[in-house]
Amino acid sequence: MTDQSANQMWGGRFAAGPDAIMEAINASIGYDQRMAPQDIAGSRAHAAMLAATGIISDTDAEAMREGLLTILSEIEAGQFAFSAALEDIHMNVEARLKDLIGEPAGRLHTGRSRNDQVATDFKLWVRDQLDAAIDGVQALMRALLAQAEQGADWVMPGFTHLQTAQPVTWGHHMMAYVEMLGRDLSRFRDARTRMNESPLGAAALAGTSFPIDRAMTAEALGFDRPAANSLDAVSDRDFALEFLGAASICAMHLSRLSEELVIWSSAQFRFVTLSDRFSTGSSIMPQKKNPDAAELIRAKIGRIFGANVALTMVMKGLPLAYSKDMQEDKEQVFDAADNLMLALAAMTGMVSDMSANRPALEAAAGSGFSTATDLADWLVRALNMPFRDAHHVTGSLVAIAERKGCDLPDLTLADMQGVHSAITEGVFDVLGVHNSVASRTSYGGTAPVRVREQVARWQEALS
């Protein structure tokens, strides 16, 4: 298409076409063509409404409908020739529609603007991504639930500061991520509910004098209602920012799990074995099995965080209503959505395929004086000792065990009574790691009975 024909789309406002630099900075078709299905869906709904309200004829509306379906099939088949001279997906579709049906194509834009059109397209696209994210999070939660159910009573060390703290169960650790992802699921669902208002019909910024039916187009496109203020409708990108915010928090959770998988799969820990499908070898070290999928997830998270910050910076200084700055919204969101979905899929695959090394987990669970807190709690319960005193006695016993090169359960009763004479044989009932985790029966605790309750609760919630 020539510059002159492109200019005709603007009704002759410009005497000469933009130079190559202006065309390059102004055009968005290179990325917003991803919204073609949403753009065509919006145009079909708008055309049907224009006919229903008598603004255009049924004949013109039918021609538009058939033409738009033809364009959609051309795009899906890879046979559509996108033009940078036409700037964006909206003008590309409209120009092709004119090629197909002639004069009626010019009536499609009645009662709307590119401002409300792009807001509608983008909302529809983000809504689809929210639905995909919801599905992806649920799939990962189910994979974690399967791990938790299998290892509800497998003991492992719980950490604070990455130092051994207290024994927990493998199932309890897996369920911690289920809870995190459950909040992510809630955020994505809340964002979808909040954003589900239609901008279509807000026109450029002030609404339109044509007797359009915005409720009709909103319903046709699956929105709950039309957006109530035309200025806000065309300038709102909260829905994109909220998606990026929820995606960033979800991505942070994925990065934390990635970090643990990297550590746990190392030769020093040997807590898990990742499948060959999500690991790679070294070009020169034949013994290596690298957790590359986890590392790449951990790295890709930065792109999602970056998109969130970038779009916030674009929007922070814009007056009402639409400004061309807002064209910079889509690339950030597209990239973040792609990487979130890839990270969710890869993590779901890793979690589904990984094998926990139960003997290594159990051996590590008993190291590092992990039952010291159980000893202190026993002193409080059995001897009615103030907790601070019990803490001091336990610390003294830990120091003895360190000098002897053994763990707390390996101390003799004489060793213990040398620190406090009232200690009895009953103390050994709480020092084993299995006894420790079984005793943590408070709501939300690591006891296997509590883990299985939480697994069942989430399985029901996700069903």
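Here is a short report on the structure shown in this document. (Residues numbered from 1 in each chain as written. Predicted model: local features only at pLDDT ≥ 70, side-chain atom pairs only at ≥ 80, totals over all residues. Heavy atoms only, no water.)

1. Considering the packing of aromatic side chains
Inference 1: Applying the stated criterion across every chain yields a total of nine aromatic pairs.
Inference 2: Taking 6.3 Å as the distance between ring centres and 45 degrees as the angle between the ring planes, the aromatic pair formed by Trp264 and Phe271 counts as tilted.
Inference 3: Seen in terms of ring centroids, Phe269 and Phe271 are 5.1 Å apart; in terms of plane orientation they differ by 80 degrees. Their pairing is edge-to-face.
Inference 4: Relative accessible area serves as the criterion here: at 25%, Phe269 is assigned to the partly exposed category.
Inference 5: Take Phe271: its relative accessible area is 3%, and that puts it in the buried class.
Inference 6: An aromatic cluster is defined as three or more aromatic residues linked by ring pairs; in this entry it consists of Phe159, Trp170, Trp264, Phe269 and Phe271. (Phe/Tyr/Trp six-rings, centres within 6.5 Å; stacked < 30°, edge-to-face > 60°. Buried < 20%, exposed > 50% of the residue type's maximum accessible area, 1.4 Å probe, protein only.)

2. Let's talk about unusual backbone geometry
Inference 1: For the bond running from Leu320 to Ala321, omega is 5 degrees, close enough to zero to count as cis.
Inference 2: One can find Ala321 in the loop between α12 (292–315) and α13 (329–353).
Inference 3: For Glu87, which is not glycine, the phi torsion reads 70 degrees and is therefore positive.
Inference 4: Considering the arrangement of structural elements, one finds Glu87 in the loop between α5 (58–76) and α6 (89–101). (Helix = DSSP H or I, 4+ residues; strand = E, 2+ residues; numbered from the N terminus.)

3. Focus: the packing of α6 against helix α7 (residues 114–150)
Inference 1: In the contact formed by α6 and α7, the axes pass within 10 Å of each other and the chain directions differ by 105 degrees. Here α6 lies roughly perpendicular to α7, going by the angle between them. Across the interface between the two elements, Ile89, His90 and Met91 of α6 pack against Arg114, Gln117, Val118 and Asp121 of α7. (Axes fitted to C-alpha atoms, helices over the stretch in contact; angles between N-to-C directions. Parallel < 35°, antiparallel > 145°, perpendicular 65-115°, else oblique. Contact = heavy atoms within 4.5 Å.)

4. With respect to the pattern of salt bridges
Inference 1: Under the counting rule described, the total for this entry stands at 23 salt bridges.
Inference 2: Two residues, Glu197 and Arg225, come together in a salt bridge whose shortest N-O distance is 3.3 Å. Taken together, the positions of Glu197 in strand β3 (residues 197–198) and Arg225 in strand β4 (residues 225–226) put the pair 28 residues apart, joining distant regions of the chain.
Inference 3: Taking the relative accessible area as the measure of exposure, Arg225 reaches 39% and is therefore partly exposed.
Inference 4: Close ionic contact of Arg303 with Asp335 constitutes a salt bridge, the shortest N to O distance being 2.6 Å. (Salt bridge = Lys/Arg side-chain N within 4 Å of Asp/Glu carboxyl O.)

5. Some points on the nonpolar core
Inference 1: Core analysis: the biggest nonpolar cluster contains 99 residues, and Trp170 and Phe188 have the highest contact counts within it.
Inference 2: Residues contacting Phe188, with those up to four places away along its chain left out, are Leu130, Ala133, Ile134, Val137, Phe243, Ala246, Ala247, Cys250 and Leu340.
Inference 3: With 21 residues, the next largest nonpolar core counts Val398, Ile400, Leu408 and Val430 among its residues. (Core = buried A, V, L, I, M, F, W, Y, C linked by side-chain atoms within 4.5 Å.)

6. So, a nonpolar patch on the surface
Inference 1: Taken together, the side chains of Leu205, Leu231 and Leu320 make up a nonpolar region of the molecular surface, amounting to roughly 270 Å² of accessible area.
Inference 2: Its location among the elements puts Leu320 in the loop between α12 and α13.
Inference 3: Among the residues examined, Leu320 registers a relative accessible area of 62% and is labelled exposed. (Patch = residues over 30% accessible without salt bridge, like charges linked within 9 Å, V, L, I, M, F, W, Y side chains within 5 Å. Areas by Shrake-Rupley, 256 points an atom, 1.4 Å probe, with all protein chains shown as cover.)

7. Regarding the environment of Lys98
Inference 1: Note on placement: Lys98 falls in helix α6.
Inference 2: For the pair Lys98 and Met216, spaced 118 residues apart in sequence, the C-alpha to C-alpha distance is 25 Å.

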